[in-house]
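So the chains spell out like this:
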Amino acid sequence: MIRITNFQIYCLLLLTTTPLAYLVTPMMVTHIVDNNSWLAILTAIIPGALLIYVYIYILKNSIRPFPALLEDCLGSIIGKIIGFFYIFSFLFGTAVTLRYFVALIGSSTVPDTPLSIFIGAMLLVSYYALKTGMANIARVGELLIIFGLPIAFFIILISLAQKPDFNSLLPFKSIDFESFTTGIFYSFYILGDLMAILILAYFSTNREKIPSTLFHVLYTYIILISLTAAVSVIQFGSNYNNLITFPTFKMVRTILISDFIQNIDVVFIAIWIIGMFAAISVKWFLACYTIQQLFGLRDYRFLAAPSSVAIGIISLMMGRNIIEVQIILHNIMPIIYSIFYIFIPLIIFFILLFKPNPGADIATGIKNPVS
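Here is what the cut-offs are and how they apply
- Residues numbered from 1 in each chain as written.
- Predicted model: local features only at pLDDT ≥ 70, side-chain atom pairs only at ≥ 80, totals over all residues.
- Heavy atoms only, no water.
- Salt bridge = Lys/Arg side-chain N within 4 Å of Asp/Glu carboxyl O.
- Buried < 20%, exposed > 50% of the residue type's maximum accessible area, 1.4 Å probe, protein only.
- Core = buried A, V, L, I, M, F, W, Y, C linked by side-chain atoms within 4.5 Å.
- Contact = heavy atoms within 4.5 Å.
- Patch = residues over 30% accessible without salt bridge, like charges linked within 9 Å, V, L, I, M, F, W, Y side chains within 5 Å.
- Areas by Shrake-Rupley, 256 points an atom, 1.4 Å probe, with all protein chains shown as cover.
- Helix = DSSP H or I, 4+ residues; strand = E, 2+ residues; numbered from the N terminus.
- Axes fitted to C-alpha atoms, helices over the stretch in contact; angles between N-to-C directions.
- Parallel < 35°, antiparallel > 145°, perpendicular 65-115°, else oblique.
- Left-handed = near helix turned anticlockwise from the far one by under 90°.
- Nonpolar A, V, L, I, M, F, W, Y, C, P; charged D, E, K, R; others polar.
- 1 Å grid on protein atoms, 1.4 Å probe; cavity = no way out; pocket = protein on both sides within 12 Å on 5 of 7 lines; lining within 4 Å.
- Points joined across faces, edges and corners; volume = space filled by probe spheres on them.
- Expected span 1.5 Å × (residues − 1).
- Arc of directions from axis to C-beta.
- Phe/Tyr/Trp six-rings, centres within 6.5 Å; stacked < 30°, edge-to-face > 60°.
- pLDDT = per-residue confidence, 0-100.

K.L.:
Mind showing me how you'd approach the pattern of salt bridges here?
P.N.:
What the rule picks out here adds up to four salt bridges. Salt-bridge contacts for glutamate 71 lead to lysine 80; the nearest nitrogen and oxygen are separated by 3.4 Å. A relative accessible area of 19% means that glutamate 71 is categorised as buried. The partly exposed category is assigned to lysine 80, whose relative accessible area is 34%.

If you want it as structure tokens, here you go:
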């Protein structure tokens, strides 16, 4: 059986949630709450922590990984039906992540290259990674976080040297409660990708430390995304920020220090491409693993080829331009995440509250098997 360390799980979960949020979340939340976007993202740590507690409780009381735990809690028929819909949600999430990556590359870097080229190239690389196994994806994710995460923070700090206007963050008193609550939701819902822990925890070499791993992912996500939102507002102001399609990418492109440090968007794109590769690979793995478990197959890796066709077709059909892709991210993705990554786990959580706890000698998602 595959075994990965908790640090590798930390890297995989961070790569699943952060690359897309790094570009999308500051932009979406700024549209809703203007200069207070960074504050809404910081506040999202509260519902994020509550969601993590839900996942931890499910792991504590489940002896089988997702999607088998659906059958344990909801019955065989209902569990399989809901698990079947999860396959489509994972595939759709993979396609949306891939399509947004292609939208940025196509509109900002090499606009004359057909989108199918980028989609095919990314699917080919992720397909190879999936065929080699989750352990290899975890190793790549480990290296990327070690080298890429400090660079991401360094880019944000350098951006503060570009004629910052800290008054853009004020005033706090103009916060509208309804819009601020909506901003918190848009900051929080992407954390639903942490649901991958309901599978990854069972591959851990130290399941007892899974709760602390989840909270480390939450802290890193909140700090990185809130800093990104704050710096983009400081640099551009909320009004101009609302007019930019990719404010984070724009922030990187404007970095210029003493006519020496400039054009570092090349470094940003290189790191972000690898990050998106990891995010796509993990989401794709969840889809293939769910199919394997749902239909009792011996392996998940042979499913990579047929599922790649579905992901490619969905990505090509998804939005004719960046505006339509933004509409999907603003209106469709929050609904899917709310249903599959928040609402259904909450139902499982309440069901497990009234079920007998596993015995002390039975392995669960946060209890290692007795050797």
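There's plenty left to go through after this.
K.L.:
Could you clarify how one ought to interpret the nonpolar core in this entry?
P.N.:
As a rule of thumb, soluble globular proteins bury nonpolar side chains together. Residues Leu13, Phe66, Tyr86, Leu98, Tyr100, Ile197 and Phe285 are the most contacted members of the largest nonpolar core, which totals 139 residues. Dropping the residues within four chain positions of it, tyrosine 86 is found in contact with Phe66, Leu70, Met195, Phe340, Tyr341, Ile344 and Pro345.

K.L.:
Would you explain a nonpolar patch on the surface in this entry?
P.N.:
Together, Ile77, Ile78, Ile81, Phe84, Phe85, Phe88, Phe295, Leu297 and Phe302 line one region of the surface with nonpolar side chains, adding up to about 920 Å² of accessible area. The greatest single-element share of the nonpolar patch, amounting to six residues, is contributed by helix H5 (residues 76-108). Mapped onto the secondary structure, phenylalanine 85 falls in helix H5.

K.L.:
Which parts of the structure should I look at to understand the packing of helix H1 (residues 6-33) against helix H7 (residues 134-159)?
P.N.:
Two numbers describe a pair of packed helices, the interaxial angle and the distance between the axes. Running from N to C, H1 and H7 cross one another at 55°; their axes reach a closest spacing of 8 Å. Looking at the two axes, H1 sits oblique to H7. With respect to the hand of their crossing, H1 and H7 are arranged in left-handed fashion. Here H1 contributes Phe7, Gln8, Tyr10, Cys11, Leu12, Leu14, Leu15 and Tyr22 to the contact with H7, which in turn contributes Met134, Ile137, Ala138, Arg139, Gly141, Glu142, Leu144, Ile145, Ile146, Leu149, Ala152 and Ile156. When grouped by side-chain class, the residues that make up the contact of H1 with H7 number 16 nonpolar, two polar and two charged.

K.L.:
What is the right way to read the side chain of glutamine 292 from this model?
P.N.:
With respect to the helices and strands, the residue glutamine 292 is situated in helix H12 (residues 265-295). A residue is classified by how much of its surface remains accessible, and glutamine 292, at 9% relative accessible area, is buried. Once residues within four sequence positions are removed from consideration, glutamine 292 is found in contact with Leu297, Arg298, Asp299, Tyr300 and Leu303.

K.L.:
Help me understand empty space enclosed by the protein in this model?
P.N.:
One water molecule sets the probe size; rolling that probe over the atoms shows where empty space is left. The full count for this structure, using the stated rule, is three cavities of 30 Å³ or more. For the largest cavity, the calculated volume is near 250 Å³. Counting residues per element, the lining of the largest cavity draws most heavily on H7, at seven residues. Counted by class, the lining of the largest cavity contains 14 nonpolar, three polar and no charged residues.

K.L.:
Can you help me understand helix H13 (residues 304-317) in this one?
P.N.:
Since the α-helix packs 3.6 residues into each turn, any two residues three or four apart lie on the same face. With 14 residues, H13 ought to run about 20 Å at 1.5 Å a step, and its terminal C-alpha atoms sit 20 Å apart, in line with that. Every buried residue belonging to H13 is among Ala304, Ser307, Ser308, Ile311, Gly312 and Ser315, and all of these are buried. End-on, the buried residues of H13 take up no more than an arc of 145°, which puts them together on one face. Along H13, the residues that are exposed and aim more than 90 degrees away from the buried face are Leu316 and Met317.

K.L.:
What is the right way to look at the packing of aromatic side chains in this model?
P.N.:
The geometry of an aromatic ring pair is captured by the separation of the ring centres together with the interplanar angle, meaning the angle of the planes. Following the criterion strictly, the structure yields 21 aromatic pairs and no others. Taking the centre distance of 5.6 Å and the plane angle of 80° together, the rings of phenylalanine 185 and tyrosine 186 count as edge-to-face. Within the aromatic cluster, the residues linked to one another by ring pairs are Phe66, Tyr86, Phe90, Phe185, Tyr186, Tyr189, Tyr337, Phe340 and Tyr341.

K.L.:
Just checking my understanding: could you explain the confidence of the model for the protein for this structure?
P.N.:
Regions with low pLDDT carry predicted coordinates that are not meant to be interpreted in detail. Mean pLDDT over the protein stands at 84; residues scoring 70 or higher make up 88%. Per-element confidence in the protein ranges from a low mean pLDDT of 62 for strand E2 (residues 261-262) to a high of 95 for helix H3 (residues 45-60).

K.L.:
Explanation requested: the side chain of threonine 25 in the structure shown.
P.N.:
Turning to its location among the elements, threonine 25 is positioned in helix H1. Not counting the four nearest positions on each side in its chain, threonine 25 is found in contact with Leu20, Ile41, Tyr186, Ser187, Ile190, Tyr221 and Ile225.

K.L.:
Looking at this structure, how should I read the packing of H1 against helix H14 (residues 322-353)?
P.N.:
Contact geometry of H1 with H14 gives a least axis separation of 12 Å together with a crossing angle of 75°. What the angle tells us is that H1 and H14 run roughly perpendicular. From H1, Leu20, Val24, Met27, Met28 and His31 reach across to H14, where they touch Gln326, Leu329 and His330. When its residues are assigned to classes, the contact of H1 with H14 shows five nonpolar, three polar and no charged.

K.L.:
Which parts of the structure should I look at to understand H3?
P.N.:
Across its 16 residues, H3 extends 22 Å between first and last C-alpha, which sits within 8% of the 22 Å expected from 1.5 Å per residue. Inspection of H3 places Gly48, Ala49, Leu51, Ile52, Val54, Tyr55, Ile56, Ile58 and Leu59 among the buried residues, and these make up the whole buried set.

K.L.:
What am I meant to see in the layout of surface pockets here?
P.N.:
In this structure, the largest pocket occupies an estimated 150 Å³ of space. For the largest pocket, the full set of lining residues is Asn61, Ser62, Ile63, Leu69, Asp72, Cys73, Leu352, Lys355, Pro356, Asn357 and Pro358. Examining the composition of the lining of the largest pocket, we find that three residues originate from one element, helix H4 (residues 68-74), more than from any other. Residues of the lining of the largest pocket, tallied by class, amount to six nonpolar, three polar and two charged.

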